[in-house]
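What follows is the residue order along each chain.
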Amino acid sequence: MPVRPQHILHVALAVPVRRCFDYLPGEKFSRQVIKPGTRLQVPFGNTQTRTGILLNVSDKSEVKAERLKPITSIIDEQPILSVADLRLKQWASDYYHHPIGETLFSTLPVLLRQGKSLKRKVDYLWQLSDAGKTIDFDALRRAPNQQAFLQLLRENPEGIPATQPENRKFYSAIKALQEKGLIKRSEYTPVENNSIAMPSPVNLNADQLSAANSIKSHLGKYQQFLLNGVTGSGKTEVYIEIIKQLVSEGKQALVLVPEIGLTPQLINRIKDNVHAKLVVLHSALSDNERLQAWLQARDGIASVVLGTRSAIWTPLKNPGVLIVDEEHDLSYKQQDGFRYSARDVAIMRGKMDETPVVLGSATPSMETLQNVRIGKFKNLRLPSRAGNAVIPSIQIINMRGKRMRDAFSQTLLDAISNEISNKRQVLLFLNRRGFSPLVMCHSCAWVAKCKRCDINMTYHKHNKKLCCHHCGSQSSLPQTCPQCNDDELLQLGHGTERLTETLAEIFPDARIIRIDRDSTRRKDTMQKMLNSINDGQADILIGTQMLAKGHHFPNLSLVGIIDADQGLFSTDFRASERMGQLFIQVSGRAGRVDRQGTVLIQTHYPDHPLLQSLVTQGYNEFAEMLLTERQQTRLPPFSYMALLRAEDYRAEATQYFLQKARAMMLAQTADIEIFGPIPAPMEKRAGRLRYQLLLQCSDRGLLRRQLGPWSRQLETLPSGRKVRWSLDVDPQDML
Ligand code: ADP
Ligand code: ZN
Ligand code: ZN
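Calculation notes
Position numbers for residues count from 1 along each chain, tracking the sequence in the order it is written. As they are written, the chains are lettered A onward and the ligands numbered 1 onward, keeping that order. Per-residue local features of the predicted model are confined to residues with pLDDT of at least 70, and side-chain atom pairs are confined, for both listing and counting, to 80 or more; whole-chain, interface and lining totals are unaffected and use all residues. Side-chain descriptors were evaluated using all non-hydrogen atoms of the structure, hydrogens and water having been removed beforehand. The donor definition counts N, O and S atoms within 2.8 Å of each metal and applies 3.2 Å to Na, K and Ca; water is not among these atoms, so some sites may look incomplete. All geometry calls rest on donor angles, where a four-donor set with angles between 85 and 135 degrees is tetrahedral, four- and six-donor sets with opposite donors more than 155 degrees apart and all others between 65 and 115 are square planar and octahedral, and all else is irregular. Burial here depends on accessible area, computed with a 1.4 Å probe over protein chains only, as a share of the maximum for the residue type. Under 20% is buried, over 50% is exposed, and the range in between is partly exposed. Helix and strand definitions follow DSSP, with helices as H or I runs of at least four residues and strands as E runs of at least two, each counted in order from the N terminus. Domain boundaries shown here were taken from an automatic or database domain assignment. Only heavy atoms enter the contact rule, under which two residues are in contact if any of them lie within 4.5 Å. Summed over both partners, the accessible area (1.4 Å probe) lost when two parts come together is defined as the buried area. By salt bridge we mean one thing: a side-chain nitrogen of Lys or Arg within 4 Å of a carboxyl oxygen of Asp or Glu. Counted as a polar contact is a pair of N or O atoms within 3.5 Å, where, for protein atoms, one must be capable of donating a hydrogen and the other of accepting one, and residues adjacent in sequence contribute only when both atoms are in side chains. Each axis is a line fitted through C-alpha atoms, and for a helix only the stretch in contact is used; angles between axes span 0 to 180 degrees, taken between their N-to-C directions. The scheme is simple: roughly parallel for angles under 35 degrees, roughly antiparallel for over 145, roughly perpendicular for 65 to 115, oblique for anything else. Three classes are used, and their members are as follows: Ala, Val, Leu, Ile, Met, Phe, Trp, Tyr, Cys and Pro are nonpolar, Asp, Glu, Lys and Arg are charged, and the others, Gly among them, are polar. Here the expected span of a helix is defined as 1.5 Å times the quantity of residues minus one. Arc definition: directions from the helix axis to the C-beta atoms. Proximity criterion: a residue is near a molecule or strand once any of its heavy atoms comes within 4 Å of it. In short, Shrake-Rupley with a 1.4 Å probe defines the accessible areas, and a residue's cover is counted only from the protein chains shown. Here, strands pair whenever DSSP counts at least two bridges between them. By definition, any crossing whose near helix is turned counterclockwise from its far helix by less than a right angle is left-handed, and any crossing with a clockwise turn is right-handed. Put simply, buried Ala, Val, Leu, Ile, Met, Phe, Trp, Tyr and Cys residues joined by side-chain atoms within 4.5 Å make one nonpolar core.

S.K.: Before we go on, may I ask you to explain the coordination of the zinc ion (ligand 2) in this structure?
M.R.: Octahedral six-donor coordination of a metal ideally yields angles of 90 or 180 degrees, compared with 109.5 degrees for tetrahedral four-donor coordination. The coordination sphere of the zinc ion (ligand 2) contains the protein donors Cys441 (SG), Cys444 (SG), Cys481 (SG) and Cys484 (SG), at a distance range of 2.3 to 2.4 Å. Given 4 donor atoms and angles of 104 to 113 degrees at the metal, the environment of the zinc ion (ligand 2) is assigned as tetrahedral. Ordering the donors of the zinc ion (ligand 2) by residue number gives the pattern C-x2-C-x36-C-x2-C. On the accessibility criterion, Cys444 (27% relative accessible area) is partly exposed.

S.K.: Teacher, can you tell me more about the coordination of the zinc ion (ligand 3) here?
M.R.: In this structure, Cys450 (SG), Cys453 (SG), Cys468 (SG) and Cys471 (SG) serve as the protein donors to the zinc ion (ligand 3), at separations of 2.2 to 2.4 Å. Classification of the site at the zinc ion (ligand 3) rests on its 4 donor atoms, whose angles at the metal span 106 to 111 degrees, yielding the label tetrahedral. Written as a sequence motif, the donor arrangement for the zinc ion (ligand 3) is C-x2-C-x14-C-x2-C. With Cys453 in the loop between strand S20 (438-441) and strand S21 (458-460) and Cys471 in the loop between strand S22 (465-467) and strand S23 (474-476), this residue pair connects regions lying 18 residues apart in the sequence. A residue is classified by how much of its surface remains accessible, and Cys453, at 4% relative accessible area, is buried.

S.K.: What am I meant to see in the domain arrangement of the chain here?
M.R.: If you check the domain split of the chain, you get domain 1 (5-113), domain 2 (123-188), domain 3 (206-382), domain 4 (393-436 + 493-631) and domain 5 (640-729). When each unit is reduced to the centre of its C-alpha atoms, the spacing between domain 1 and domain 3 is 31 Å. With 20 residues of domain 1 in contact, the opposing surface of domain 3 contributes 18 residues. Taken over both partners, the interface formed by domain 1 and domain 3 buries close to 1,700 Å², and the fraction arising from carbon and sulfur atoms is 76%. Here domain 1 is connected to domain 3 by 0 salt bridges. Here domain 1 and domain 3 share 3 residue pairs in polar contact (both at pLDDT 80 or more) between them. Residue assignment for the side of domain 1 that touches domain 3 shows that the elements contributing at least two residues are helix H2 (83-96), helix H3 (100-106) and helix H4 (110-113).

S.K.: I tried to follow the packing of helix H18 (residues 575-587) against helix H20 (residues 619-632) on my own but got confused; where do I start?
M.R.: Axes are the key here: two packed helices are described by the angle between their axes and the distance separating the axes. One can describe the packing of H18 onto H20 by two numbers: an axis separation of 11 Å at closest approach and a directional angle of 175 degrees. The orientation of H18 relative to H20 falls into the category roughly antiparallel. Between H18, through Ser576, Glu577, Met579, Gly580, Gln581 and Ile584, and H20, the contact on the second element is made entirely by Tyr619, Phe622, Leu626 and Arg630. Partitioning the contact of H18 with H20 into residue classes produces 5 nonpolar, 3 polar and 2 charged.

S.K.: Sorry, what's going on with H20 here?
M.R.: In an α-helix, one turn spans 3.6 residues, which is why side chains three or four residues apart end up on the same side. Its 14 residues place the ends of H20 20 Å apart at the C-alpha level, agreeing with the 20 Å of an ideal helix rising 1.5 Å per residue. When H20 is considered as a whole, its buried residues turn out to be Tyr619, Phe622, Ala623, Leu626, Leu627 and Arg630. Considered in projection along H20, the buried side chains sweep an arc of 140 degrees and stay on one side of the axis.

S.K.: Please explain the pattern of salt bridges as it appears in this structure.
M.R.: If the charged atoms of two oppositely charged side chains come close together, the side chains can form a pair. In total, this model carries 27 salt bridges according to the counting rule given. Two residues, Asp130 and Lys133, come together in a salt bridge whose shortest N-O distance is 3.8 Å. You can see Asp130 and its partner Lys133 sitting in helix H5 (residues 130-134), 3 residues apart, about one turn around the helix. Notably, a salt bridge pairs Asp353 with Arg349, separated by 3.4 Å at the nearest N-O pair. On the criterion of helical spacing, the pair formed by Asp353 and Arg349 is a turn pair, its members being 4 residues apart in helix H12 (residues 342-353).

S.K.: What is the right way to look at the site of ligand 1 in this model?
M.R.: Lining the immediate environment of ligand 1, one finds 18 residues, of which Asn203, Gln208, Gly232, Lys235 and His552 sit closest. Contacts to ligand 1 include Gly232, whose backbone N or O atom sits 2.7 Å from an oxygen atom. Coverage of ligand 1 by the protein chains reaches 75% of its 570 Å² of free accessible surface. The element best represented in the shell around ligand 1 is helix H9 (residues 235-248), accounting for 3 residues. Looking at the shell around ligand 1 residue by residue, the classes come out as 4 nonpolar, 10 polar and 4 charged.

S.K.: Mind showing me how you'd approach the sheet that holds strand S19 (residues 425-429) here?
M.R.: Across a sheet, paired strands are connected by hydrogen bonds in the backbone, their directions being either parallel or antiparallel. Read across the open sheet, the 6 strands follow the order S16-S28-S27-S19-S26-S25; overall the sheet is parallel. The sheet is open, and its two edges are formed by strand S16 (393-398) and strand S25 (512-515), each paired on a single side. Pairwise comparison of adjacent strand axes, ignoring direction, gives a mean angle of 20 degrees for this sheet. Lying on the sheet, helix H16 (residues 525-534) is in contact with S19, S25 and strand S26 (540-543); it crosses S25 at an angle near 145 degrees.

S.K.: I tried to follow the packing of helix H21 (residues 651-668) against helix H22 (residues 700-716) on my own but got confused; where do I start?
M.R.: Running from N to C, H21 and H22 point in directions that differ by 140 degrees, and their axes come no closer than 10 Å. Considering the angle they form, H21 stands oblique to H22. Where H21 crosses over H22, the two elements pack in a sense that is right-handed. Judged by residue contacts, Phe657, Ala661, Met664, Met665 and Gln668 of H21 engage Gln706, Leu707, Pro709, Trp710, Gln713 and Leu714 from H22.

S.K.: For this particular structure, what's the right way to read the nonpolar core?
M.R.: Side chains that are nonpolar tend, in soluble globular proteins, to be buried together. Core analysis: the largest hydrophobic core is formed by 99 residues, its most contacted members being Ile312, Leu427, Phe583, Leu644, Leu695 and Trp710. Among the elements that take part in this core, H21 stands out by supplying 7 residues, more than any other. Sequence-distant contacts of Phe583, that is, excluding residues within four places in its chain, are made with Ile561, Ala564, Ile601, Leu611 and Leu614.

S.K.: Please clarify how the side chain of Asp329 should be interpreted in this entry.
M.R.: Examined against the element boundaries, Asp329 turns out to sit in the loop between strand S13 (319-325) and H12. Of the polar contacts made by the side chain of Asp329, one reaches the side chain of Ser331; its length is 2.8 Å. What Asp329 contacts, discounting residues up to four positions off in sequence, is Pro258 and Lys549.

Have a look at this one:
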């Protein structure tokens, strides 16, 4: 319906306020049809123009009519976002209490945010026209190139891609043939894999089949599934089975993974097995490539869309399934700006789009397990490894009072020695990069701390620098103690660098590869390292959690967890959940093919009940124990949280703001528990002092309803303008 001059256009702009902005169509655009989801240029302030997105049209505004300005121009002929996309983003903005404009814009490809026009690059095929099929070759004998190209097309009746590099030498011939009407151009969709010889498809085992069938029977409907399969149980094959089915029905699949660089195997397997257009949204894409991928998804050209967290916002023409692999992974939660959980958004998106949502994990989160318990999610179990592989055996090494060589007990060293002399690979896991996490003066006990944060500096030997793992600050390792001038500075504790050095001394002939964020900084190094591991060019792998995710190392038979004690004692109530997940994931790298692997865990607390339950009963029992604990202490998923964080160089300013915020919430309701203001676990970060207010409530709806008016009011507080603050709904990280 065309807009009339008196209509009000409600427009979202990328500004940090929790409302939209009203404009008039103006003389120029009244009587035009402008649909929600269309980008507009609008005046902003006295001199600026900005790009906005039309949310809706009504005949009411809270702003007086004479103060409303007309829009400047309309960017898009057609809305760039569908009604469904808008609805999802509106929901997310409401649920996370994040400004609608920032929600809409931060989830769009950069070029669209900038107001650039959108044009999908089209792939063309050259084919013979009817005239071209019948023309007598002799007629072209003076134009041998035209003849040759025509001949090529006769040999390839399905057509020749216009972008094929071999076409270059036919450039003018093609032009001439087209002018003569002998050939024609038509649009087509190239697929990644055109080879007829597919890799031999695996035969799904009974558990995989029943999981796949269960999901297939819900296609076209909303249902959440937990694909709860031990590491190596073949979850990927189940995804592939579902995707194949959907692709054959002309539907699309959206697959989320924690990190593209860490999951090359999953991507390749989908590529090799699904004969359809697949786009991968990875960080190396240029802005234009990203926009093209987005458009191909939106227009239904791409059948499979694969990406990390932000891919959840990719529009789909024919959504068929949403898959979230490793759903427990922390990377699905955005920790700054628009703090959403891609997993939780996926669940809502499935509901709105009426598609099944499949969450896959060997170590599901407590939230997901609780949803299984209450019957909201269907639990699909893959209890054993696919093929001949078996689950590794896990043993605890008690380190109490034992003589250690650096971080290694003799038991672990003997086990390593045994494996490598049998030409098998060993993985050692320590979630701490660098050489030593603590530098201390032997004489006066001075400790190297970050000047801007509340934590110790880590010493990195390769560049002889002290480095803060929170703000990135670096400084040179001092020659002498800055406090007492003594020259004996101790490097205490262990990081992956030190482990590598020690092991190289103990096993001088072993080939050691270290994988952490420092060693894989350069592009492609990760892939190269993985290749050399799989080619058998490494004996010992030392790594952080980067090594824990999704890899298959067929010749790996021993995993050593260097320090289990880190995860057992923490103030964060989620620390033990994380520890369990990490250990099981790392352990899962062992013995993937036909030999049972071994996992050795070094600890000073061999009898710790959580560790015991993890080792003797496995993740599911361990998780049951944790859930019971959470229930007794009324922690999530048995209650819901929101965290208001504030930071500033002055502690008083943040505390004052949070006190005000607290008082405002108390005035609103007595049903929400409020803790704080208290210092954040890391009180100082990058120079700023950080405080927080924790809100907790057992009723999710109630919390949500109260947060809306509260967050809008916070925006109007003068004390809130003086500090940096943010609201985090369902916070995952209390740091
Ligand atoms: P997960 O993602 O559950 O850890 P994957 O899907 O990566 O497990 O599968 C683990 C390994 O088992 C892969 O090498 C895969 O090719 C193999 N595999 C999966 N399903 C089968 C099957 N039905 N028969 C034989 N091998 C299988
Ligand atoms: Zn000193
Ligand atoms: Zn720092």
